[in-house]
Amino acid sequence: MNDDVRNIVLGLVATGISASLGWIARTYLWRRKLRRKQAFFGLPDHSESLLVVNQKAGGPELSVMRHDAFALLELSALIKECHARAQIVAHDATQQGFGERTEFCVGGPYSNRRMAAHLSSLLPGVWMNTETDAGADLGAFRIGGEDHRMERGRSEYVLLARLTAEGRADSRPVFLFCGQRAITNQAATRYLARHHERLHRKYGTGSFVLLLKVVNSQAYGPDVVELVADVTRAARTPLPDTAADTAA
């Protein structure tokens with residue numbers, strides 16, 4: 001074998017080794033990213049999850065708002081990316097605790113009994129005005145000692161929460177998307193899809209409750225979302241008796 005042939009062979013071998021190492025590195029990084037995503041969402045390979053569907057106000061059973069349907073599609077894509085499966089369950093047909101399977105619960109307490117139960121037991125510092133005769137206060141949040149009222153189509157709020165059962169290392173999370181309107185629920189799911197890596201870096205696999213504001217939804221839809229505050233501590237601290245009495 002002369003020098004030219006030997007150099008060609010060595011070049012081909014070096015190219016093959018470099019390509020193989022690059023493929024191995026990319027595969028490792030992709031798998032690590034996938035495992036981090038699965039850990040954050042509590043969705044290992046082939047696991048089951050629940051999509052808890054709310055009910056359109058005044059509509060028939062399992063009738064949901066268009067934007068809530070879009071929210072479910074956003075969540076379904078996330079679940080599929082984690083190589084997991086989703087089961088859609090009506091809000092009033094989910095009679096089980098949480099922690100066994102990852103749960104994504106969509107809709108405010110006025111249309112979603114499951115959400116109402118979660119707020120009552122897991123986030124006692126959150127109250128939402130669901131009285132139909134509340135006028136401008138309809139849908140307003142009270143978190144701790146602060147009220148957050150919506151201006152329809154201009155400034156609307158939604159809670160995005162990741163919660164786990166206390167004292168259980170193997171507990172799967174429940175994600176709450178509790179908004180003042182259906183479009184805000186979709187905005188929260190989209191925010192989670194876009195920012196889950198940053199949220200994982202900040203909170204790991206722990207619990208958090210974020211208050212988000214959807215800006216000018218009548219023009220921008222669910223795309224323009226601002227983080228108002230991390231309200232985890234206030235949301236998990238029971239309201240004072242005076243505030244609870246006023247809320248009731």
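Residues numbered from 1 in each chain as written. Predicted model: local features only at pLDDT ≥ 70, side-chain atom pairs only at ≥ 80, totals over all residues. Heavy atoms only, no water.

Trainee: Can you tell me about the pattern of salt bridges, naming the residues and giving the values?
Mentor: Enumeration according to the criterion identifies 14 salt bridges in this entry. Of the charged contacts in the structure, one is a salt bridge between Glu 151 and Arg 154, with a shortest N-O distance of 3.7 Å. Judged by its relative accessible area of 43%, Glu 151 falls in the partly exposed class. A salt bridge links Arg 190 to Asp 223; its shortest N-O distance comes to 2.4 Å. Of this pair, Arg 190 sits in helix H4 (residues 182-203) while Asp 223 sits in the loop between helix H5 (217-220) and strand E10 (225-230), and the two are 33 residues apart along the sequence. Residue classification places Asp 223 among the partly exposed positions, given a relative accessible area of 37%. Here the salt bridges share partners, and the residues they tie into one network are Glu 74, Arg 190, Arg 194 and Asp 223. (Salt bridge = Lys/Arg side-chain N within 4 Å of Asp/Glu carboxyl O. Buried < 20%, exposed > 50% of the residue type's maximum accessible area, 1.4 Å probe, protein only. Helix = DSSP H or I, 4+ residues; strand = E, 2+ residues; numbered from the N terminus.)

Trainee: So what's going on with the pairing of strand E3 (residues 102-106)? Residues and values would help.
Mentor: With five of its five residues buried, E3 lies for the most part within the structure. Burial of E3 is two-sided: the residues Thr 102, Phe 104 and Val 106 facing one way and the residues Glu 103 and Cys 105 facing the other way are all buried. The pairing of strand E1 (residues 48-53) with E3 spans four bridges and is classified as parallel. Bridge pairing in E3 places Ser 49 opposite Thr 102. (Pairing = 2+ DSSP bridges.)

Trainee: Could you give me a rundown of the confidence of the model for the chain, with the residues and numbers involved?
Mentor: Chain-level pLDDT for the chain is 85 on average; 85% of the residues reach the 70-or-more range. Per-element confidence in the chain is highest for strand E9 (residues 208-215), whose mean pLDDT is 97, and lowest for helix H7 (residues 241-247), whose mean pLDDT is 49. (pLDDT = per-residue confidence, 0-100.)

Trainee: Describe the sheet that holds E1, with residues and values.
Mentor: Backbone hydrogen bonds hold the strands of a sheet together, and the pairing may be parallel or antiparallel. Taken in spatial order, the seven strands line up as E2-E1-E3-E8-E7-E9-E10 in an open sheet, and their pairing is mixed. The strands lining the two open edges of the sheet, one partner per strand, are strand E2 (85-90) and E10. When strand polarity is set aside, the average angle formed by the axes of neighbouring strands in this sheet is 20 degrees. Where helix H3 (residues 113-122) meets the sheet, its contacts fall on E1, E3, strand E7 (155-163) and strand E8 (174-179), and the angle it forms with E8 comes to roughly 110 degrees. (Axes fitted to C-alpha atoms, helices over the stretch in contact; angles between N-to-C directions. Contact = heavy atoms within 4.5 Å.)

Trainee: Please give an account of a positive patch on the surface that cites residues and values.
Mentor: A cluster of basic residues, Arg 32, Arg 36, Arg 198, Arg 201 and Lys 202, forms a positive patch on the protein surface. When residues of the positive patch are traced back to their parent elements, those giving at least two are helix H1 (3-41) and H4. It is H4 that provides the largest number of residues to the positive patch, a total of three residues. Position of Arg 198 among the secondary structure elements: in helix H4. Residue Arg 198 is classed as partly exposed on the basis of its relative accessible area, which comes to 32%. (Patch = residues over 30% accessible without salt bridge, like charges linked within 9 Å, V, L, I, M, F, W, Y side chains within 5 Å. Areas by Shrake-Rupley, 256 points an atom, 1.4 Å probe, with all protein chains shown as cover. Lys, Arg positive; Asp, Glu negative; His and termini not counted. Charge placed at Lys NZ, Arg CZ, Asp CG, Glu CD.)

Trainee: Describe the packing of helix H2 (residues 66-81) against H4, and please don't skip the residues or the numbers.
Mentor: The N-to-C vectors of H2 and H4 enclose an angle of 15 degrees; their axes lie 7 Å apart at closest approach. Our classification of the angle between H2 and H4 gives roughly parallel. Crossing of H2 against H4: the hand is left-handed. For the pair H2 and H4, contact is made by His 67, Asp 68, Phe 70, Ala 71, Glu 74, Leu 75 and Leu 78 and by Ala 182, Ile 183, Asn 185, Gln 186, Thr 189, Arg 190 and Ala 193, respectively. Of the residues in the contact of H2 with H4, the class split is seven nonpolar, four polar and three charged. (Parallel < 35°, antiparallel > 145°, perpendicular 65-115°, else oblique. Left-handed = near helix turned anticlockwise from the far one by under 90°. Nonpolar A, V, L, I, M, F, W, Y, C, P; charged D, E, K, R; others polar.)

Trainee: Would you mind going over the sheet that holds strand E5 (residues 141-143) in detail, with residue names and values included?
Mentor: Reading across the sheet, the three strands line up as E4-E5-E6 and stay open at both edges, with antiparallel pairing between neighbours. Pairing within the sheet leaves two strands with one partner each, and these edge strands are strand E4 (126-128) and strand E6 (146-148). Strand after strand, the sheet turns through a mean of 20 degrees between neighbouring axes, direction not considered. The sheet contact formed by E5 and E6 spans three bridges and is antiparallel.

Trainee: Before we move on, can you summarise H3 with the specific residues and values?
Mentor: Along H3, the residues that are buried comprise Arg 114, Met 115, His 118, Leu 119 and Leu 122. End-on view of H3: buried residues confined to an arc of 135 degrees, all on one side of the axis. Exposed positions of H3 whose direction lies more than 90 degrees from the buried face are Arg 113, Ser 120 and Ser 121. Where H3 is buried, its residues meet E1, E3, E4, E7, E8 and helix H6 (232-236). Between a side-chain oxygen at the N-terminus of H3 and the backbone nitrogen of Arg 114 the separation is 2.9 Å; the capping residue is Asn 112. (Arc of directions from axis to C-beta. Polar contact = N/O pair within 3.5 Å; in protein donor to acceptor, adjacent residues only side chain to side chain.)

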